[in-house]
Amino acid sequence: MVFINEHYLKLPGGYIFPEIARRVDALGRADPAAAQRIIHCGIGDVTEPLPLVAVSALNAAAAELSRRETFRGYGPAVGYGFLQECISRHDFRERGLQIDASEIFVSDGAKGDCGDILEILGPGNHVAVADPVYPVYVDTNVMAGNTTALCTDGGYGGLMYLPCTPENDFVPAPPKSEKAELIYLCYPNNPTGAMISREQLSEWVEYAMANDSIILYDVAYQAYISEPDLPRSIYEIPDARSCAIEFHSFSKNGGFTGVRCGYTVCPRSVTGRTREGRRVGLHELWTRRFQTRSNGVSYVVQRAAEALYTPDGQKQVAALIEHYLGNARILREGCRRLGLTVYGGVHAPYVWVACPEGVDSWGLFERLLEEANVVVIPGAGFGRCGEGFVRISAFNTRQNVEEVVRRLAGMKM
Ligand code: MLT
């Protein structure tokens, strides 16, 4: 008999997305006609085909692998130099940010990286998360043993929850006195669709520097930022090179949710310490982790990611972003016409809608599912402060989004 990781037993029954799928299946069994009509605005999964540049690059790379002279086996664990260099140049150096190619770690996506990073950070760090929050940050800390069991109030002891509400525009300020060693921030935000200003992000960097903390900054949705003055990377803030690790994804800009590719930026200047107080570079540990656990992302996929940075690739990515942001605008306006209060959807593909008086988030979820056959995510699934809201994803076809708005218009809110 083997011992299990008992921290897993602290997690509630299901991750939010499988739980929603279960409820949608139940409707399908009870009412097959309704199931045929269902429109999914729940999980943020892209619907539009891959950019043509990526398809051509995949084909060309596959052809290379079919010839003895150009065949490749194992690639470098942390990513091919051609992609690291391309990322470093386009996403950072051309924007005046000093991120070297060797500080880029190519992976199969930001979701895995956000969880895996805990493996190089010791147990016992005091961790701060937003509330509501992308559930991966919380669940992976539970799995790593950084929390107590689930408390009766729906939170975990050991985590510092940072309320994100309409009152603070869904951007928490750093705590005045309490200290967090590890802080997860995600902007453009999943799930609220909010964006952080340069001043607000600077306050967090100052906090991290003053407290010797590390910010884990998730910018999976940065391509949706539609104002040039807003920060696209935490490294735009002075000192962030010493206190921040940044997670990027090609899922939401290049439509790679099924292709799988992303990257982490771990600057050489970010350090943690041993129990005895010796400073250790996290770059060294993260490299070691990749070398031991990974043989890298496939060559064909890395060539496809590289193609997104070509001039044609940039145009095709921009067209995808414009499409999904157009959807977000239609959803926002449609919900407002119903008298609902709406947030987000301007710098993010998520629209965060306040529930009408007297209805909670699972209640609105059920009503939308049963009366309009539209799937959204109940805000309570993202944390206690998500109660009273639902998240509507703009990742859809234009036809479906227009149909969603038509169906909502037929409901009494
Ligand atoms: C979401 O719906 O929040 C995201 O698609 C999930 C993810 O990116 O893992």
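Our structure's up above, just so we're on the same page.
Along each chain, the written sequence defines residue order, and numbers are assigned to residues from 1. Local features in this predicted model are restricted to residues whose pLDDT is 70 or higher, and side-chain atom pairs enter the listing and the counts only when it is 80 or higher, whereas totals over whole chains, interfaces and linings include all residues. To obtain the side-chain values, all non-hydrogen atoms of the structure were used and water was disregarded.

### A short note on the overall build of the chain
Helix and strand content of the chain: 13 helices and 15 strands. Against the compact-globule benchmark of 22 Å for 413 residues, the chain has a radius of gyration of 22 Å, which places it among compact chains. For the chain, the spread of C-alpha atoms along the three principal axes comes to 60 × 55 × 55 Å. Taken across its 413 residues, the chain has 54% of its residues classed as buried. Contacts are assigned to residue pairs with any non-hydrogen atoms lying within 4.5 Å of each other. The contacts in the chain between residues at least 6 apart in sequence include a share of 73% that link residues at least 24 apart. Here the open area of atoms and residues is found with the Shrake-Rupley method and a 1.4 Å probe, where only the protein chains shown may cover a residue. Carbon and sulfur atoms provide 52% of the accessible area of the chain, an area that totals close to 18,300 Å². Helix and strand labels come from DSSP, where a helix needs a run of H or I of at least four residues and a strand needs a run of E of at least two; each type is numbered from the N terminus. We take the radius of gyration over the C-alpha atoms and set the globule estimate at 2.2 Å times the residue count to the 0.38 power. Relative accessible area decides the class of each residue, using a 1.4 Å probe on protein chains only: under 20% of the type maximum gives buried, over 50% gives exposed, and in between gives partly exposed.

### Description of the site of the ligand
In the vicinity of the ligand, the contacting residues are Phe17, Ile43, Gly44, Lys111, Tyr134, Asn190, Tyr221, Lys252, Tyr350 and Arg391. Polar contact criterion, stated in full: a pair of N or O atoms within 3.5 Å, where within protein one must be able to donate a hydrogen and the other to accept it, and residues adjacent in sequence count only if both atoms are side-chain atoms. A distance of 2.6 Å separates an oxygen atom of the ligand from a polar backbone atom of glycine 44. Throughout this entry, Asp, Glu, Lys and Arg are counted as charged residues, while Ala, Val, Leu, Ile, Met, Phe, Trp, Tyr, Cys and Pro are counted as nonpolar. The remaining residues, Gly among them, count as polar. Partitioning the shell around the ligand into residue classes produces five nonpolar, two polar and three charged. Residue assignment places the shell around the ligand across two domains, with domain 1 (11-40 + 313-409) and domain 2 (54-309) each supplying three or more. If even one non-hydrogen atom of a residue comes within 4 Å of a molecule or strand, that residue is called near it. An automatic or database domain assignment supplies the residue ranges for each domain.

### Regarding empty space enclosed by the protein
In this approach, a probe sized like a water molecule rolls over the atoms, and the result shows the empty space that is left. Of the two site types, the cavity is a set of points on a 1 Å grid over the protein atoms alone where a 1.4 Å probe fits but cannot get out, and the pocket is an open set with protein on both sides within 12 Å along at least five of seven lines, each lined by residues with an atom within 4 Å of a point. Grid points are joined across faces, edges and corners, and a volume is the space filled by probe spheres set on the points. For the coordinates displayed, the defined rule picks out two cavities of 30 Å³ or more. Estimates place the volume of the largest cavity at around 50 Å³. In terms of lining residues, the largest cavity is bounded by Ala130, Val133, Tyr134, Tyr137, Tyr184, Leu185, Cys186, Tyr187, Asn189 and Asn190. It is strand E5 (residues 182-186) that contributes the most residues to the lining of the largest cavity, three residues altogether. What the second largest cavity holds in volume is close to 40 Å³. Looking at the lining of the second largest cavity, the elements with two or more residues in it are helix H12 (361-372) and strand E15 (389-393). Looking at the lining of the second largest cavity residue by residue, the classes come out as nine nonpolar, no polar and no charged.

### Some words on the pattern of salt bridges
Where charged atoms from two side chains of opposite charge approach closely, those side chains can pair. By convention in these notes, a salt bridge is any Lys or Arg side-chain nitrogen within 4 Å of a carboxyl oxygen on Asp or Glu. One pass over the full model with this rule turns up 17 salt bridges. For arginine 22, the salt bridge identified is with glutamate 19, shortest N-O distance 3.0 Å. With arginine 22 and glutamate 19 both in helix H1 (residues 16-30), this residue pair falls three residues apart, about one helical turn. The residue glutamate 371 makes a salt bridge to arginine 367 at a minimum N-O spacing of 2.9 Å.

### Quick look at the layout of surface pockets
There is about 570 Å³ of room inside the second largest pocket. Around the second largest pocket sit 22 residues that line it, and Gly122, Asn125, Gly272, Arg273 and Thr274 are the ones nearest its centre. If you list the elements that add at least two residues to the lining of the second largest pocket, you get strand E9 (271-273), strand E10 (279-281) and helix H9 (282-293). If you tally residues by element for the lining of the second largest pocket, the top one is E9, at three residues. A per-class count over the lining of the second largest pocket returns eight nonpolar, eight polar and six charged.

### Some points on the pairing of strand E3 (residues 127-131)
With respect to burial, E3 is a largely interior element, five of its five residues being buried. Of the two faces of E3, the one holding Val127, Val129 and Asp131 and the one holding Ala128 and Ala130 are both buried throughout. At least two bridges found by DSSP between two strands are what make those strands a pair. Relative to strand E4 (residues 159-163), E3 is paired through five bridges, and the arrangement is parallel. When the bridges of E4 are listed, valine 127 appears paired with leucine 159. Seen with its strands pointing away from the viewer, a crossover is right-handed if its path from the first strand over the helix to the second goes clockwise. What joins E3 to E4 is helix H6 (residues 135-143), and the crossover it makes is right-handed. Where E3 meets E5, two bridges bridge the pair, whose relative direction is parallel. Considered in E5, the bridge of alanine 128 is made with isoleucine 183.

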